[in-house]
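Commentary on secondary and tertiary structure
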Amino acid sequence: MKDSAIQVDGARLANELEELAAISDAEPPAVTRVLYTDADLRARAFLKKRCAAAGLAVREDALGNLFARWMGSTPQAPAIGTGSHTDAIPHSGRYDGTVGVLGGLEALRALRASGFQPRRSLELLMFTSEEPTRFGLGCVGSRALSGATDAKSLAELRDPEGQRLDDVRKAAGFGGDLAQVRLAPDYYAAFVELHIEQGPLLERESVPIGVVTAIAAPAALRVELEGAGGHAGGVLMPDRKDALCAAAEVVLAVEAAARATHGPDTVATTGVCKVHPGAINSIPNKVVLEIDIRDVALAPRDIALKAVKEAVAAVAAKRGIQARVTELNADPPATMAPAVVSAALKACKKRGYEARQMPSRAYHDSLYMARLFPTGMIFIPCRGGVSHRPDEFSSTDAIRMGVEVLAETLAELANT
Ligand code: GLV
Ligand code: MN
Ligand code: MN
């Protein structure tokens, strides 16, 4: 490490990450923190307390996006934002999102302790529901902040129990006007998110920092297949309309669609399969699949998306069952802003850390922030590239180095 006045306290941050991981609905080491559940609300309370202790001014919007601001010497100028999410998909790990939130807070504390005086205000942002777990839509908070989704569609989203987002958020204590969530285009002069890579490249190449150049385009489909149920002993095979057998063909078609583009960046996953009625001696009459399709480039992603839709229609026709396809989202990719990429690369150089420029195959709230503001991301390695699993791991040293680079980047963006 080169000499710098900015000293990041890796041990304090590791302790905070551990405390946050304990606020969960899963047995440790797994973490589950779903939007507006008690665990989510307790995690928010934990963060607010830490932000207040750091002297930041905290506010929350009508969705629960949380902002913690360090006022600069020109408070009317567009601020510099940083942050990520604290919600966690069922049975995941402790670093996804949290490194960017608690690491962002640590970056602000380290900058303050160094005597740094920001000209632009610096603001930590904890986005509501980056994960799609509850309402089937990822990046709920950042979509609303960027205007990618309007207030009415957000209000009407329903969770698997049929509860409206608008009712659930109010019950959780977020009662303001959803139409006010959207940020003005000059709210931030730049936004930068620190995150674990969620892939193997940095670790494999022993490079401590990734500077993100683009974020892949995500799409998601819900496929509802309806056949005919009946007695597993009584209904003869030629008479069956088994919805799960149809679903099995669709799942394989999803895999084939991603492989068929022959690009290494097309990926497709069927992550949800709900079978009704789900009894061993009953023929499945209804199956709901949720399918995630992505690529760094839009064209191959859309080719795979189309191939999956065609496969669903073909399977339904062949098996004489009903199929309904709902496109949950199909978003374009984002290019990271050259000014933020250069600031991050300069920060790596200042610290003497090797950096690799790379795309992000996972999506992040930065995908939507990039629609309004010059945006960038800083990646750190995670063991084996593992994420969305309880054994997700980044070392305290790796996290500290990421926070150092984030702090230097914020300092550069705030005062130039
Ligand atoms: C975010 O968690 C993603 O699925 O990319
Ligand atoms: Mn995630
Ligand atoms: Mn994440």
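If you're wondering where the values come from, they're calculated on a predicted model, not measured in any experiment. (Residues numbered from 1 in each chain as written. Chains lettered and ligands numbered in written order. Predicted model: local features only at pLDDT ≥ 70, side-chain atom pairs only at ≥ 80, totals over all residues. Heavy atoms only, no water.)

**Let's talk about the site of ligand 1**
Heads up, the condition is: When at least one non-hydrogen atom of a residue lies within 4 Å of a molecule or strand, that residue is treated as near it. Distance and chemistry together define a polar contact, namely a pair of N or O atoms within 3.5 Å, with one atom able to donate a hydrogen and the other to accept it when in protein, and with adjacent residues in sequence counting only for side-chain atoms on both sides. Working definition of accessibility: Shrake-Rupley area with a 1.4 Å probe, residue cover restricted to the visible protein chains. Gly is put with the polar residues, along with every residue not named as nonpolar or charged; the nonpolar set is Ala, Val, Leu, Ile, Met, Phe, Trp, Tyr, Cys and Pro, and the charged set is Asp, Glu, Lys and Arg.
Around ligand 1 sit E130, E131, R294, A362, Y363 and H388, and those are all the residues in its vicinity. Between ligand 1 and E130 there is a distance of 3.5 Å, counted from an oxygen atom to a side-chain nitrogen or oxygen. In the model, an oxygen atom of ligand 1 is placed 3.3 Å from a nitrogen or oxygen of the H388 side chain. Here ligand 1, which alone exposes 190 Å², has 92% of that area covered by the protein. For the shell around ligand 1, the residue count by class is 2 nonpolar, 1 polar and 3 charged.

**A word on the pattern of salt bridges**
So the rule is basically this: Salt bridges are defined by distance alone: a side-chain nitrogen of Lys or Arg within 4 Å of a carboxyl oxygen of Asp or Glu. Runs of E in the DSSP output that reach at least two residues are strands. Runs of H or I that reach at least four are helices, and both are numbered from the N terminus. When a residue's accessible area, from a 1.4 Å probe over protein chains only, is under 20% of the maximum for its type it is buried; when over 50% it is exposed; and in between it is partly exposed.
In total, this model carries 35 salt bridges according to the counting rule given. In this structure, E408 engages K350 in a salt bridge whose closest nitrogen and oxygen atoms are separated by 2.9 Å. Of the two residues, E408 is situated in helix 12 (residues 396-415) and K350 in helix 10 (residues 338-351); the sequence distance between them amounts to 58 residues. Overall, E408 belongs to the buried group, its relative accessible area being 4%.

**Considering the packing of helix 1 (residues 10-21) against helix 12**
Applicable threshold: A fitted line through C-alpha atoms serves as each axis, taken over the contacting stretch for helices, and the angle formed by two N-to-C directions is quoted from 0 to 180°. Roughly parallel covers angles under 35 degrees, roughly antiparallel covers those over 145, roughly perpendicular covers 65 to 115, and oblique covers all other angles. It is the rotation of the near helix from the far one that decides the hand of a crossing: anticlockwise by less than a right angle makes it left-handed, clockwise makes it right-handed. By the convention used here, residues are in contact when the closest approach between their heavy atoms is within 4.5 Å.
Look at helix 1 against helix 12: their axes get within 9 Å of each other, and the N-to-C directions meet at 110°. By the angle between their axes, helix 1 is roughly perpendicular relative to helix 12. Our pair here, helix 1 against helix 12, has a crossing hand that is right-handed. Residue-level contacts link G10, A11, L13, A14 and L17 of helix 1 to T396, I399, R400 and V403 of helix 12.

**Some details on the domain arrangement of the chain**
Put simply, the rule is: Each domain's extent is set by a domain assignment, obtained either automatically or from a database. Take the accessible area each of two parts loses on contact, using a 1.4 Å probe, and add the two losses: that sum is the buried area.
Each assigned domain of the chain is listed here: domain 1 (10-216 + 333-414) and domain 2 (218-330). Taken over C-alpha atoms, the centre of domain 1 sits 33 Å from the centre of domain 2. Residue-level contacts link 11 residues of domain 1 with 8 residues of domain 2. Interface area for domain 1 against domain 2, summed over the two sides, is near 910 Å², with a carbon-plus-sulfur share of 59%. Applying the counting rule to domain 1 against domain 2 returns 1 salt bridge. We note a salt bridge from D265 to R361, for which the minimum N-O separation is 2.4 Å. Residue composition of the side of domain 1 that touches domain 2, by class: 8 nonpolar, 1 polar and 2 charged.

**Some details on the coordination of the manganese ion (ligand 3)**
Note on metal sites: the ideal angle is 109.5 degrees for four tetrahedral donors, and 90 or 180 degrees for six octahedral donors. Our working definition: With water omitted from the atoms examined, metal sites may look incomplete; donors here are N, O and S atoms no farther than 2.8 Å from the metal, or 3.2 Å in the case of Na, K and Ca.
Donor atoms from the polypeptide that bind the manganese ion (ligand 3) are H85 (NE2), D96 (OD) and H195 (NE2), placed at 2.0 to 2.3 Å. Of note, the manganese ion (ligand 3) draws all its donor residues from one chain, in the sequence arrangement H-x10-D-x98-H. A distance of 3.7 Å spans the gap from the manganese ion (ligand 3) to the manganese ion (ligand 2), which D96 bridges by coordinating each metal. Of this pair, D96 sits in the loop between strand 5 (88-92) and helix 3 (98-113) while H195 sits in strand 7 (residues 188-196), and the two are 99 residues apart along the sequence. Exposure remark for H195: the relative accessible area of 1% places this residue in the buried category.

**Here we look at the packing of helix 1 against helix 3**
Axis separation between helix 1 and helix 3 bottoms out at 10 Å; the angle between their running directions is 145°. Judged by the twist between their axes, the crossing of helix 1 over helix 3 is right-handed. On the side of helix 1, the interface is formed by R12, L13, E16, L17 and L20, while helix 3 contributes T98, V99, L102, G103, E106 and R109. Residue composition of the contact of helix 1 with helix 3, grouped by class: 5 nonpolar, 2 polar and 4 charged.

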